[in-house]
Amino acid sequence: MSGGSQNIEAIVAGGGPAGGICALALAHGGARVCLVHWDGYSTGGIELVSGRARRMIEQYCPGFFRQDNAGTGGVEVHETISLWGTSEPVALSAMFNPWGPGVAVERILFDQALRDLAAAAGVSVIADTKVTNIERRNDQWQLFLRSGEAECIPVCARFLVLATGRAAARFFDTSPRGESSRIALMAPLSPLCDVPDHALYIEARDNGWWYALPSGDGGHFAGFCTSRDEIKRRRASLREFFFGELRGTRLLAPLLGGPGAELNPHITGRVAGVRGFGKAAGSGWIAVGDAAYAPDPLSGMGIELAIESARLGAHALLGAMRETGKETGKRDVFVEYEDAIRECANQHDKVAARHYGSLTPVAPEIPLFNPHKY
């Protein structure tokens, strides 16, 4: 769907979970919204929607995760089987989770389903379009767009939501950032008949940690979070290194099948580790999802924090729209939003620090929020 800038109150740049939910929440609040996204930023693979994130999404669409809802059903994760800080595996049932079971979803289909939900709520969606630049002109945000090789008509609005993930820094955060020392390697595993397909597997190793989520076809999607130095020291190809390390695990190795099992050659990788940004909001703009605070992509908290920040951000923007034109001295909803994001990040960091405590070789870095920058 093509969306021009006429009468648009807010532009959402980015079509992942944070961008989709923020646009949807703004539309439900009566705002006129345009969402711009480019599929080239999609991470792909299987990701976990926690029980809490699932409930937040289902407040907007109660049937979103139904199995008969094509592309969004996913696989319910009924238990977590963990070998982390224990000598033997420990099974944690979803029955003890007050939020209910999570759902393993195919990320590309999940993102598209959220954008479709936003479009159905009245959001104007500009698809397959890259944001090339963002400027502030006359109290308006102006986004310059490109579709393929063609330049598009700029889109303008009073408020801007930055939902461009870790790439957000190139627009607003010019402070120098060190490169993360950790890498996440991921690959799909072939289906097996005798392996439970409703469990999340987590296993700590001396040189990193592993996880596996059900992929819905009887197979699994495995990830390995390790250090860049570990990757550099490898003497085999990336594929041989990944599957060689996977064979050495206790929990995940059975997911490979027997010695003659077919191994998927497609290995993907991305930067891991926590990333905080200098700012999460400013005059007429907010950042949501990984653009505000990026947890470790294998922590299982990425989508949950994306949805939470999107809801908080939409609430702040709707408040700003109501405040427009009133006397000066009004409460600053953008400062309140940034404080809320900082609190979410701090709580996550405390949990992560305790959780990673037993993994000294790959303990997360500390580039969290710096209070002196606010």
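Residues numbered from 1 in each chain as written. Predicted model: local features only at pLDDT ≥ 70, side-chain atom pairs only at ≥ 80, totals over all residues. Heavy atoms only, no water.

Student: Mind laying out the overall build of the chain, listing which residues take part and the relevant values?
Tutor: Regarding its fold elements, the chain presents eight helices and 22 strands. The proportion of buried residues among the 374 residues of the chain is 51%. Of all intrachain contacts in the chain linking residues separated by at least 6 positions in sequence, the fraction that spans at least 24 positions is 71%. (Helix = DSSP H or I, 4+ residues; strand = E, 2+ residues; numbered from the N terminus. Buried < 20%, exposed > 50% of the residue type's maximum accessible area, 1.4 Å probe, protein only. Contact = heavy atoms within 4.5 Å.)

Student: I'd like a rundown of the pattern of salt bridges, residues and numbers included.
Tutor: Counting across every chain of the model gives 17 salt bridges. Note that R52 and E304 form a salt bridge whose closest N and O atoms lie 3.2 Å from each other. Taken as a pair, R52 in helix 2 (residues 51–58) and E304 in helix 7 (residues 302–323) lie far apart in primary sequence, 252 residues in all. A residue is classified by how much of its surface remains accessible, and R52, at 22% relative accessible area, is partly exposed. Each member of the salt-bridge network shares a partner with another, and the members are E47, R107, D111 and R270. (Salt bridge = Lys/Arg side-chain N within 4 Å of Asp/Glu carboxyl O.)

Student: Just give me the short version of the sheet that holds strand 5 (residues 79–83), but keep the residues and values in it.
Tutor: Sheet architecture is open: seven strands sit in the order 6-5-15-16-17-14-18, paired in mixed fashion. Two strands close off the open sheet at either side, each with one partner strand: strand 6 (90–93) and strand 18 (268–271). Adjacent strand axes in the sheet meet at a mean angle of 20 degrees when their direction is disregarded. Across eight bridges, the pairing between strand 14 (residues 182–189) and strand 17 (residues 220–227) is antiparallel. From the neighbouring strand, A187 faces strand 17, where its bridge partner is A222. (Pairing = 2+ DSSP bridges. Axes fitted to C-alpha atoms, helices over the stretch in contact; angles between N-to-C directions.)

Student: Any chance you could break down the environment of V49 for me, citing the residues and the numbers?
Tutor: If you trace the backbone, V49 turns up in strand 3 (residues 46–49). Given the relative accessible area of 0%, V49 is considered buried. Once residues within four sequence positions are removed from consideration, V49 is found in contact with R54, I57, F65, G102, V103, V105, F110 and I303.

Student: Could you give an account of the nonpolar core, with specific residues and numbers?
Tutor: Generally speaking, soluble globular proteins have nonpolar side chains that are buried together. Ranked by size, the top nonpolar core spans 69 residues in total, and within it L26, I57, F64 and F110 carry the most contacts. Sorting elements by how many residues they give to this core places helix 7 first, with 10 residues. With 23 residues, the next largest nonpolar core counts W210, F224, L255 and L256 among its residues. (Core = buried A, V, L, I, M, F, W, Y, C linked by side-chain atoms within 4.5 Å.)

Student: So, the pairing of strand 6: which residues are in play, and what are the values?
Tutor: Bridging between strand 5 and strand 6 involves four bridges; their strand directions are antiparallel. Residue S82 lies in a different strand from strand 6, and its bridge partner there is V90. What sits between the antiparallel neighbours strand 5 and strand 6 is a turn of six residues, in which G85 has the positive phi angle 75 degrees.

Student: Could you give an account of the packing of aromatic side chains, with specific residues and numbers?
Tutor: Summed over all chains, the structure comprises nine aromatic pairs. Taking the centre distance of 5.0 Å and the plane angle of 80 degrees together, the rings of F64 and F65 count as edge-to-face. Summarising the burial analysis for this pair, F64 and F65 share the class buried. Where F159 meets F334, the ring centres are 6.3 Å apart and the plane angle is 25 degrees; that geometry is what we call stacked. With a gap of 175 residues between them, F159 in strand 13 (residues 159–162) and F334 in helix 8 (residues 333–355) connect regions that are remote in the sequence. Comparing F159 with F334 shows no difference in burial state: the two are buried. Grouping aromatic residues by their ring pairs yields a cluster made of W210, F224, F241, F242 and F243. The residue whose ring lies beneath R52 is W99, and the NZ or CZ to ring-centre distance is 5.7 Å. The ring of W38 is capped by K130, whose NZ or CZ atom sits 4.0 Å from the centre of that ring. (Phe/Tyr/Trp six-rings, centres within 6.5 Å; stacked < 30°, edge-to-face > 60°. Lys NZ or Arg CZ within 6 Å of the ring centre and 35° of its normal.)

Student: Explain the sheet that holds strand 3 to me, and be specific about the residues and the numbers.
Tutor: Judged by pairing direction, the sheet is antiparallel, and its three strands sit side by side in the order 3-7-4 without closing on themselves. For this open sheet the edge positions go to strand 3 and strand 4 (75–77), each flanked by a neighbour on one side alone. Between one strand and the next, the sheet's axes are offset by a mean angle of 35 degrees, whatever the strand orientation. Two strands pair when backbone bridges link them, and strand 3 and strand 7 (residues 102–106) are joined in this way by four bridges, in the antiparallel orientation. Residue pairing across strands places V49 opposite V103, the latter belonging to strand 7. Contacts from helix 2 reach strand 3, strand 4 and strand 7, with the element oriented near 80 degrees to strand 3.

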